[in-house]
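A structural walkthrough
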Amino acid sequence: MSPPLLMYVHTALRNIGLYTSLSIVSSTKASTYVEASLGKWSAYLVALTFLCMAVFLTLSFKADFNAQYDELKRKDGEGSHKNLEVWSNGVPIAILVAQVGIGCMLTLKFLKGA
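Values in this document were obtained by computation on a predicted structure and should not be read as measured data. The numbers attached to residues start from 1 for each chain and follow its sequence in the written order. Local features in this predicted model are restricted to residues of pLDDT 70 or higher, and side-chain atom pairs are both shown and tallied only at a pLDDT of 80 or more, whereas totals for entire chains, interfaces and linings draw on every residue. Only hydrogens and water are set aside; all other atoms, that is, all heavy atoms of the structure, feed into the side-chain values.

1. Topic: the overall build of the protein chain
To qualify as a helix, a DSSP run of H or I must reach at least 4 residues; to qualify as a strand, a run of E must reach at least 2; elements of each kind are numbered from the N terminus. Each helix and strand in the protein chain was counted, giving three helices and zero strands. Seen in sequence order, the protein chain has helices and strands lined up from the N terminus as α-α-α. Taken against the 2.2 N^0.38 rule, which gives 13 Å for 114 residues, the C-alpha radius of gyration of the protein chain at 18 Å runs more than 25% over that of a compact globule. Each principal axis of the C-alpha distribution contributes one length, and for the protein chain these read about 60 × 20 × 15 Å. Here's how the labels work: a residue is buried when its accessible area is under 20% of the maximum for its type, exposed when over 50%, partly exposed in between, all with a 1.4 Å probe on protein chains only. Sorting the 114 residues of the protein chain into buried and exposed places 28% on the buried side. Throughout, the radius of gyration refers to the C-alpha atoms, and the reference size of a globule is 2.2 Å times the residue count to the power 0.38.

2. Some remarks on helix H2 (residues 38-76)
The end-to-end C-alpha distance of H2 is 56 Å, a good match for the 57 Å that 39 residues give at a rise of 1.5 Å each. Residues Lys40, Ala43, Tyr44, Ala47, Leu51, Ala54, Thr58, Phe61, Phe65, Tyr69, Leu72 and Lys73 constitute the buried set of H2. One or two residues past the end of H2 sits Gly77, with phi positive at roughly 110°. A helix is expected to span 1.5 Å multiplied by its residue count minus one.

3. A look at the nonpolar core
A general tendency of soluble globular proteins is for nonpolar side chains to be buried together. For this analysis, a nonpolar core means a set of buried residues of the types Ala, Val, Leu, Ile, Met, Phe, Trp, Tyr and Cys, connected via side-chain atoms within 4.5 Å. With ten residues, the main nonpolar core is built from Leu5, Val9, Ala12, Ile16, Phe61, Phe65, Tyr69, Leu72, Leu84 and Ile95. Among the elements of the structure, helix H1 (3-32) and H2 are those that each provide at least two residues to this core. Judged by nonpolar contacts, the second largest core, of five residues, contains Ala30, Ala43, Ala47 and Leu106.

4. Considerations on the environment of Asp70
Looking at the secondary structure, you find Asp70 in helix H2. Judged by its relative accessible area of 37%, Asp70 is partly exposed. In sequence terms Asp70 and Phe50 are 20 residues apart; their C-alpha atoms lie 30 Å from each other.

5. Concerning the packing of H1 against H2
As a packed pair, H1 and H2 sit with axes 8 Å apart at the nearest point and diverge in direction by 165°. Here H2 runs roughly antiparallel to H1, going by the angle between their axes. As H1 runs across H2, the sense of the crossing is left-handed. Throughout, an axis means a line fitted to C-alpha atoms (over the contacting stretch in the case of helices), and angles, computed between N-to-C directions, take values from 0 to 180 degrees. Comment on the angle field: the value is read as roughly parallel under 35 degrees, roughly antiparallel over 145, roughly perpendicular from 65 to 115, and oblique elsewhere. Throughout, a crossing is termed right-handed when the near helix is turned clockwise from the far one, and left-handed when it is turned anticlockwise from it by less than a right angle.

6. Digging into the packing of aromatic side chains
Stacked, edge-to-face and tilted labels apply to pairs of Phe, Tyr and Trp rings (six-membered ring for Trp) whose centres lie within 6.5 Å, assigned for plane angles under 30 degrees, over 60, and everything in between, in that order. A complete count under the given rule lists six aromatic pairs for this structure. An aromatic cluster of three or more residues is present, and its members are Tyr8, Phe61 and Phe65.

7. As for H1
Three- or four-residue spacings in an α-helix give side chains the same orientation, since the helix completes a turn every 3.6 residues. Here H1 spans 43 Å end to end across 30 residues, near enough to the 44 Å set by a 1.5 Å rise per residue. Among the residues making up H1, those that are buried are Leu5, Val9, Ala12, Ile16, Thr20, Ser23, Ser26, Ser27 and Ala30.

Quick look at the structure:
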């Protein structure tokens, strides 16, 4: 993998992980409130906002990486970058599945606390 692409992958995955974990932390903070209050609802709203940002970053990462991967295949030949196939398809899909699971958990916690 070329160094600029490797740096992009590292930075994108770090940012996706940051926003996903901030969503989990905000959700956990919201569940510490005993009764429904403005703090609880705002913590859920913050968690949802961070999760939406993480999903957007994941989708952008998938689109950008696929464009770069297609350019590498076109430039260097079809079989020279086979090991990048998992990065272009598998990793973003796995992250999105985890984020959808977190979103379902967040929704259930929100409805349960309402």
